[in-house]
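So you can see what is in the structure, the chains are spelled out below.
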Amino acid sequence: LRSIATVDDAQTYTADQSHADNVKAKFGASDDLQIYHSGTHSYIKDTGTGNLNIQASASINILNADSSDYMARFNDNGAVQLFHDGSQKLVTTSTGVDVTGKVVANGLTLENNAEYLRVTNSSGVATRAFGVNSANNLYVGGIDADIGPILFVDNGAQLASLGPTGLDVTGTVTADGLTVEGDQI
């Protein structure tokens, strides 16, 4: 037998409510919001025409099962933080995003007329720039003074360096031709 009780007054519960697997707690005139456990997974399901809105006065935290690690934090008027195994990996800021660790991407597009990508050292100082300038020339260079040469390294061995005095090659240079200007050899 299945019975449905209609309650018109506010109810106060002083104990837990238990529902068997696949028994849904339904809300709304058309059962638009459903909360249930399938026996394998837990669900919060919005089947209505509107949005599912989650609101908080400070932050919304998504935690692991024993509440020992954050998975994500959504801070009111602030950062969104994403975590891996409790360690923050990505956070939004007022100027963009900060990533801790490696970024693997299948492409990179610089927007808003940005001509180069800045690379910073562990102190946060911009040291190198890579990009394409307005004349569609590839640009690889230093941003700040006295940063040292650009090194070309293969498997830990320095093959060449490019600095203010020119190109210094370690090893053999193989070329189809050579044109020397200025001081002749």
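On a predicted model such as this, the values are computed, not experimentally measured, just so you know.

Student: Help me understand the sheet that holds strand S4 (residues 59-63) in this model?
Tutor: In a beta sheet, neighbouring strands pair by backbone hydrogen bonds and run either parallel or antiparallel. Strand order across the open sheet formed by 5 strands is S4-S5-S6-S7-S8, with antiparallel pairing between neighbours. Because the sheet does not close on itself, it has two edges, and the strands there are S4 and strand S8 (96-99). Within this sheet the neighbouring strands show an average axis-to-axis angle of 10°, counted without direction. By the bridge criterion, 5 bridges tie S4 to strand S5 (residues 70-75) in an arrangement that is antiparallel. Looking at S5, one finds that Leu63 is bridged to Tyr70.

Student: Teacher, can you tell me more about the packing of aromatic side chains here?
Tutor: How two aromatic rings sit relative to each other is set out by the distance from centre to centre and by the angle between their planes. This model, assessed by the stated rule, comprises 2 aromatic pairs. Seen from their ring centres, Tyr36 and Tyr43 are 5.0 Å apart, and the 20° between their planes marks the pair as stacked. Positioned above the aromatic ring of Tyr36, the side-chain terminus of Lys24 is 4.7 Å from the ring centre.

Student: What exactly am I supposed to notice about the pattern of salt bridges here?
Tutor: Inspection of every chain in the model, using the stated rule, returns 1 salt bridge. The closest approach of N and O atoms between Lys26 and Asp31, which form a salt bridge, is 3.9 Å. For Lys26, a relative accessible area of 42% gives the class partly exposed. For Asp31, a relative accessible area of 31% corresponds to the partly exposed category.

Student: When you look at the layout of surface pockets in this model, what are you seeing that I'm missing?
Tutor: Empty pockets left among the atoms are what a rolling probe the size of a water molecule brings to light. By volume, the largest pocket is sized at about 360 Å³. Around the largest pocket, the lining comprises 10 residues; the ones closest to its centre are Lys24, Ala25, Lys26, Phe27 and Asp31. Residue classes in the lining of the largest pocket are distributed as 3 nonpolar, 3 polar and 4 charged.

Student: Quick question: what am I supposed to make of the side chain of Gln34 here?
Tutor: By the secondary structure assignment, Gln34 is in strand S2 (residues 33-37). Within the structure, the side chain of Gln34 is placed 3.3 Å from the side chain of Lys24, a separation counted as a polar contact. In terms of polar contacts, Gln34 uses its side chain to reach the backbone carbonyl oxygen of Asp31, at 3.3 Å. If we ignore the near neighbours within four places in the chain, the residues touching Gln34 are Lys24, Ala25, Lys26, Tyr43, Ile44, Lys45 and Thr47.

Parameters and conventions
Residues numbered from 1 in each chain as written. Predicted model: local features only at pLDDT ≥ 70, side-chain atom pairs only at ≥ 80, totals over all residues. Heavy atoms only, no water. Pairing = 2+ DSSP bridges. Helix = DSSP H or I, 4+ residues; strand = E, 2+ residues; numbered from the N terminus. Axes fitted to C-alpha atoms, helices over the stretch in contact; angles between N-to-C directions. Phe/Tyr/Trp six-rings, centres within 6.5 Å; stacked < 30°, edge-to-face > 60°. Lys NZ or Arg CZ within 6 Å of the ring centre and 35° of its normal. Salt bridge = Lys/Arg side-chain N within 4 Å of Asp/Glu carboxyl O. Buried < 20%, exposed > 50% of the residue type's maximum accessible area, 1.4 Å probe, protein only. 1 Å grid on protein atoms, 1.4 Å probe; cavity = no way out; pocket = protein on both sides within 12 Å on 5 of 7 lines; lining within 4 Å. Points joined across faces, edges and corners; volume = space filled by probe spheres on them. Nonpolar A, V, L, I, M, F, W, Y, C, P; charged D, E, K, R; others polar. Polar contact = N/O pair within 3.5 Å; in protein donor to acceptor, adjacent residues only side chain to side chain. Contact = heavy atoms within 4.5 Å.

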